[in-house]
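# Residue-level structural notes
This is what each chain is made of:
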Amino acid sequence: MKRFATLFTALDQTTKTTVKTAALTAYFEDAPDRDKLWTIALLSGRRPKRTVNASRLSEWAAELAGLPMWLFKASYDVVGDLAETIHLVLPDPAQTADRSLSDWIDMIRGLSAEEEPARKAAILQAWDQLAGTERFVFNKLITGGFRVGVSQKLMTRALSRATDIEEAELAHRLMGDWAPGTTTFAGLITAPDPEAALSRPYPFCLAYGVEGDPSDLGPPEDWLAEWKWDGIRGQLILRGGQHFLWSRGEELMTDRFPEFARARDFLPDGTVLDGEVLVWDAEAQRPRNFNALQARIGRKTVPKKLLAEAPVILRAYDLLEEDGEDLRALPFADRRARLEKMLDGIAPQAPVALSPVVDFADWSDLAPIRADARAAAAEGLMLKRAASPYHVGRKKGDWWKWKLDPLSIDAVMIYAQAGHGRRANLYTDFTFAVWKGNELVPFTKAYSGLTDAEFNKITYWVRRNTLERFGPVRRVPPEHVFEIGFEGIQKSTRHKSGVALRFPRMLRWRPDKPVQEANTHDDLLAMLDQYG
Amino acid sequence: MVLEFRDEGIFCPAGGFHIDPWRPVDRALVTHGHADHAYPGHRRYLTSAAAAPVMRHRLGDITIETMEFGETRDINGVTVSFHPAGHVPGSAQVRVEHKGEVWVASGDYKTTPDGLSETFAPVRCHAFITECTFGLPVFDWKPEAVLAAEINAWWQANAAEGRVSAIGAYSLGKAQRLLTMVDSGLGPILTHAAVENTNDVLRGQGLTLPETVRVTPETDPKMHPGALLIAPPSALDGRWARRFGPMSSAFASGWMALRGVRRRRATERGFVVSDHADWKGLNAAIAETGATRIFATHGYTATFRQWLESQGYDAQIVQTEFGDELVDDEDAA
């Protein structure tokens, strides 16, 4: 564990990617294979399952530290991270132990088979054997939340340097549903098992947001435009008579969306498509809003009724594999032509349809089309360079998203709550209201979008202008107006305002605007009518 | 009540004076020179002798009287005295006695010695007004020697790689504390003008600080390879710091105990060096006063009050304007 804790400290103590890459490379050159495998797993979001629940851990830590539970909870509220809170309150260890990372993880995984007293004894013993960062890292492992500010890309680069295997190839090997408990470092990295490749998705090609004017991108004839859908990015794989659907977060969604089993009836084996999973309104021939999809996302198994009410399709925009051949190096225009040929005339009942290209001759044609995206049930446009290969991950220059500006409304701040973790000593979580006659009706919360300097200023003001406290929440006088941006608006029976917003955030603080001039509840309802 | 809590600050009705008031008053007893305790505009100031020079430096032409630590003075039949608070050089707790009842206003305090400030001296009293900036059990400071070793190791490693080590610290107190902690044999120490001006004041009153080089527009960083640079945090973020080329940045504050806050500052290193008492320090200080009535001012007041109640104290929260005059300064705590 010492080696891994040292790595963790090195990664945590720098903001420079070169230093992080060097630390990781050194670790991958040096650590035992099983530790390397687990490190790859942890850094790619494959954490060991929680075997002890958070409230038990809290109780045991509070007991060991001699603190009443309420005080432990109050501390946790400020720290914002259970693993760290436990680490900070525990007394110093009395023993020592020299066990490897994978050893400790085996211990943690083994706890699922134990009764509670045995679990407790094991955890208390670990806490009494691990010092400093090792104990913090151990707590991160048992609480199942592991983030160290290392992107998968950076990790892949370091691994590539340590193994001399090409980065793109490694990125591909690391995709899919492998688990550190059922594979080895060799089986995954150095001598991969061809069986496992069957379900393995390609790393997704990701886009950046357009900066400035799209006409800066060069001649329009070099570019293709498509609608940017508001669904789930998905990769549909048809190989070996089976099908697999992957999300961009590398989650296997095959069982969640049984519609795609039928894709095999319409498309040849050895096909991999990139596209957007959308709830499809067959009558209107357009996607339904994200809310409809939300109902499906939450369900591991789908009841028949929901399947009939909210059927999904994949609107495909790229072809990554045809006849088992990897097409990613081909220019996008060629891949697109092959895709169109493959999907040409596909039966309407097929769960896959072509996502159309949006025609334009000149950049100036495109702005009004984008402005109308909501009417097309899209959230903007995608711009893709016709000659570009399908990149691994996010690479600037070839794929751009040109989203609509968010909807916005001016609202009054009425409650403030302190943040936690990174923002432990700042008021950052606010509740906003709009006018209904002389009354302020709360309609959303938001906690992002301001600069640190603005949060400092607001915090200063909140501390001096608290009218009432409800636990961590403070009621403040309605004096500050903020422009709230959001991506969508829905009817809601759960909220007093009757609406629910999608992705609300603060676009800016409007100190210039008198409170009386904030928007009204009627304005909000009008937006619901128009965009809901 | 020997002391009352008023809109303008803590007030002694019998003595007719205030302690650390935030609005202009006739007579102010001031615990230390930080801006949230030493406000401008009072007619008369009374401070510890060691706190006065900085106060003059910051507030300009003020009418100021001083007392040595432990010396007593009668103000309208009320006996007052200053006692070391261990927060910054000269920082005081104010003891106020009227008709046999003793109250102590602590200002900001730190219970462990740091080789720079006069060491905190517990004062027996009936009622104690305490800060609780770090009044949660997650705050547990490491010994001074351990912290010093961490900072020196960081400096040494940077110097070996040809980088400047830049450390953000409040110009009064934290900066000088760092100066006493670091091993000045490791290389030159450069200081921002705000820090060096305070250094000059403190040296002038007899404090020993290692040799430092004031950064001026003419300063050539190349002449000081492997230097340690001490500056207010805001200066390190801005253009001023750019001339020093590749640097490793750090921040010294009790808040650095929290990983999240450290990450928000986006400096590479966070050293948990505070001039406030940690959880154990606060509890020990309160116990040693023997007081039964405790007033918690700035910090995690609600939680801390509840904790004190559970420990059998009569505890209350007092709203003051200490500790949050600028959140960034509080970050420097």
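Reading the values: the criteria
- Residues numbered from 1 in each chain as written.
- Chains lettered and ligands numbered in written order.
- Predicted model: local features only at pLDDT ≥ 70, side-chain atom pairs only at ≥ 80, totals over all residues.
- Heavy atoms only, no water.
- Helix = DSSP H or I, 4+ residues; strand = E, 2+ residues; numbered from the N terminus.
- Rg over C-alpha atoms; globule rule 2.2 N^0.38 Å.
- Buried < 20%, exposed > 50% of the residue type's maximum accessible area, 1.4 Å probe, protein only.
- Contact = heavy atoms within 4.5 Å.
- Areas by Shrake-Rupley, 256 points an atom, 1.4 Å probe, with all protein chains shown as cover.
- Lys, Arg positive; Asp, Glu negative; His and termini not counted.
- Charge placed at Lys NZ, Arg CZ, Asp CG, Glu CD.
- Pairing = 2+ DSSP bridges.
- Axes fitted to C-alpha atoms, helices over the stretch in contact; angles between N-to-C directions.
- 1 Å grid on protein atoms, 1.4 Å probe; cavity = no way out; pocket = protein on both sides within 12 Å on 5 of 7 lines; lining within 4 Å.
- Points joined across faces, edges and corners; volume = space filled by probe spheres on them.
- Nonpolar A, V, L, I, M, F, W, Y, C, P; charged D, E, K, R; others polar.
- Buried area = accessible area lost by both parts, 1.4 Å probe.
- Salt bridge = Lys/Arg side-chain N within 4 Å of Asp/Glu carboxyl O.
- Polar contact = N/O pair within 3.5 Å; in protein donor to acceptor, adjacent residues only side chain to side chain.
- Domains from an automatic or database assignment.
- Core = buried A, V, L, I, M, F, W, Y, C linked by side-chain atoms within 4.5 Å.
- Phe/Tyr/Trp six-rings, centres within 6.5 Å; stacked < 30°, edge-to-face > 60°.

Looking at an unreviewed UniProt entry, one finds chain B named Putative exonuclease, DNA ligase-associated and attributed to Jannaschia donghaensis.

Looking at an unreviewed UniProt entry, one finds chain A named DNA ligase (ATP), with Jannaschia donghaensis as its source organism.

Let's shift gears to the overall build of chain A. The helix and strand tally for chain A stands at 19 helices and 23 strands. The C-alpha atoms of chain A give a radius of gyration of 26 Å, which matches the 24 Å a tight globule of 532 residues would have. Expressed as lengths along the three principal axes of its C-alpha atoms, the size of chain A is roughly 70 × 70 × 50 Å. By residue count, 51% of the 532 residues in chain A fall in the buried class.

Right, let's get into the overall build of chain B. Within chain B, the secondary structure is distributed over 9 helices and 19 strands. By the compact-globule yardstick of 20 Å for 333 residues, chain B fits well, its C-alpha radius of gyration being 20 Å. Judged by the C-alpha coordinates and their principal axes, chain B covers about 65 × 45 × 30 Å. For chain B, the residues scored as buried account for 62% of the 333 residues in total. Contacts spanning at least 24 positions in sequence make up 59% of the contacts within chain B whose residues lie at least 6 apart. If you sum the accessible surface of chain B, you get close to 12,100 Å²; carbon and sulfur atoms cover 49% of it. Taken as two groups, the 31 positive and 41 negative side-chain charges of chain B have centres that lie 3 Å from each other.

Turning next to the sheet that holds strand 5 (residues 44–48) of chain B. Residues and elements named next belong to chain B. One open sheet holds the 6 strands; their spatial order is 1-2-3-4-5-6, and the pairing between them is mixed. The sheet is open, and its two edges are formed by strand 1 (4–6) and strand 6 (64–67), each paired on a single side. Neighbouring strand axes in the sheet, compared pairwise and without regard to direction, differ in orientation by 30° on average. Across 3 bridges, the pairing between strand 4 (residues 27–29) and strand 5 is parallel. Paired with A28 across the strands is Y45, a residue of strand 5.

Let us now look at empty space enclosed by the protein. Residue and element names in this part refer to chain B. Scanning all chains against the criterion turns up 3 cavities of 30 Å³ or more. Estimated volume of the largest cavity: approximately 70 Å³. In terms of lining, the largest cavity is formed by 14 residues, of which the most central are I10, S106, G107, I129 and F322. Sorting the residues of the lining of the largest cavity by element identifies strand 11 (127–132) and strand 18 (293–299) as the ones contributing at least two each. Sorting elements by how many residues they give to the lining of the largest cavity places strand 11 first, with 3 residues. Here the residues of the lining of the largest cavity sort into 5 nonpolar, 7 polar and 2 charged.

Facing the 30 residues of chain B at the interface are 36 residues of chain A. The junction of chain B with chain A conceals about 3,000 Å² of combined surface from both sides, 50% of it contributed by carbon and sulfur atoms. The interface formed by chain B and chain A contains 3 salt bridges. For the salt bridge of R259(B) with D12(A), the shortest nitrogen-to-oxygen distance reads 3.1 Å. The interface formed by chain B and chain A includes 5 residue pairs in polar contact (both at pLDDT 80 or more). Per element, the largest residue contribution to the side of chain B that touches chain A is 6 residues, and it comes from helix 6 (residues 259–265) of chain B.

Residues and elements named next belong to chain B. With respect to the secondary-structure elements, T130 resides in strand 11. Sequence separation between T130 and T301 is 171 residues, and the spatial gap between their C-alpha atoms is 9.8 Å. The contact partners of T130, leaving out residues within four places of it in the chain, are S106, Y109, L282, I286, I294, F295, A296, T297 and F304.

What follows concerns the domain arrangement of chain B. Residue and element names in this part refer to chain B. Its domain assignment divides chain B into domain 1 (4–138 + 275–317) and domain 2 (144–271). Applying the counting criterion to the domain 1 and domain 2 interface returns 1 salt bridge. Scanning the region where domain 1 abuts domain 2 turns up 2 residue pairs in polar contact (both at pLDDT 80 or more). Its residues assigned to classes, the side of domain 1 that touches domain 2 shows 10 nonpolar, 5 polar and 4 charged.

Formed by 98 residues in total, the largest nonpolar core has its most connected members in W127(A), F138(A) and F139(B). Ranked by residue count, the leading element in this core is helix 3 (residues 33–43) of chain A, at 6 residues. Apart from residues no more than four positions distant in its own chain, F138(A) is found in contact with M1(A), W104(A), M107(A), I108(A), I123(A), A126(A), W127(A) and L130(A).

With that settled, consider the side chain of E8(B). Position of E8(B) among the secondary structure elements: in the loop between strand 1 and strand 2 (9–12). R6(B) provides the closest opposite charge to the buried, salt-bridge-free E8(B), at an N-O distance of 4.0 Å.

All names here are of chain B. Taken together, the 3 bridges between strand 1 and strand 2 define a ladder with antiparallel strand orientation. When the bridges of strand 2 are listed, E4 appears paired with F11. With antiparallel pairing between neighbouring strands as the criterion, strand 1 and strand 2 make up a hairpin whose turn holds 2 residues. When strand 2 meets strand 3 (residues 17–19), the two strands line up antiparallel, connected through 3 bridges. Bridge pairing in strand 3 links F11 to H18. Here strand 2 hands over to strand 3 after 4 residues, with G16 in that stretch at a positive phi of 70°.

Attention now goes to the packing of aromatic side chains. Scanning all chains against the criterion turns up 28 aromatic pairs over all chains. Measuring from centroid to centroid gives 5.4 Å for F432(A) and F482(A), while their planes differ by 65°, and the two rings are edge-to-face. In this pair, F432(A) sits in strand 16 (residues 427–436) while F482(A) sits in strand 20 (residues 481–486), placing the two residues 50 residues apart along the sequence. Accessibility assignment for this pair places F432(A) and F482(A) in one class, buried. Ring geometry for W279(B) versus F304(B): centroids 5.9 Å apart, planes at 75°, classification edge-to-face. Of this pair, W279(B) sits in helix 7 (residues 279–289) while F304(B) sits in helix 8 (residues 301–310), and the two are 25 residues apart along the sequence. In this pair, the class of W279(B) matches that of F304(B), namely buried.

Next up on the list: the pattern of salt bridges. All names here are of chain A. Taken as a whole and assessed by the stated rule, the structure comprises 51 salt bridges over all chains. A salt bridge links D274 to R233, with the nearest nitrogen and oxygen atoms 2.7 Å apart. Here D274 is found in strand 6 (residues 271–281), whereas its partner R233 is found in strand 4 (residues 232–239), with 41 residues between them in sequence. Across the pair, exposure class does not vary: D274 and R233 are buried alike. Across the pair K305 and E309 runs a salt bridge, and its minimum N-O distance is 3.3 Å. With K305 and E309 both in helix 15 (residues 304–309) and 4 residues apart, the pair spans about one turn of that helix.

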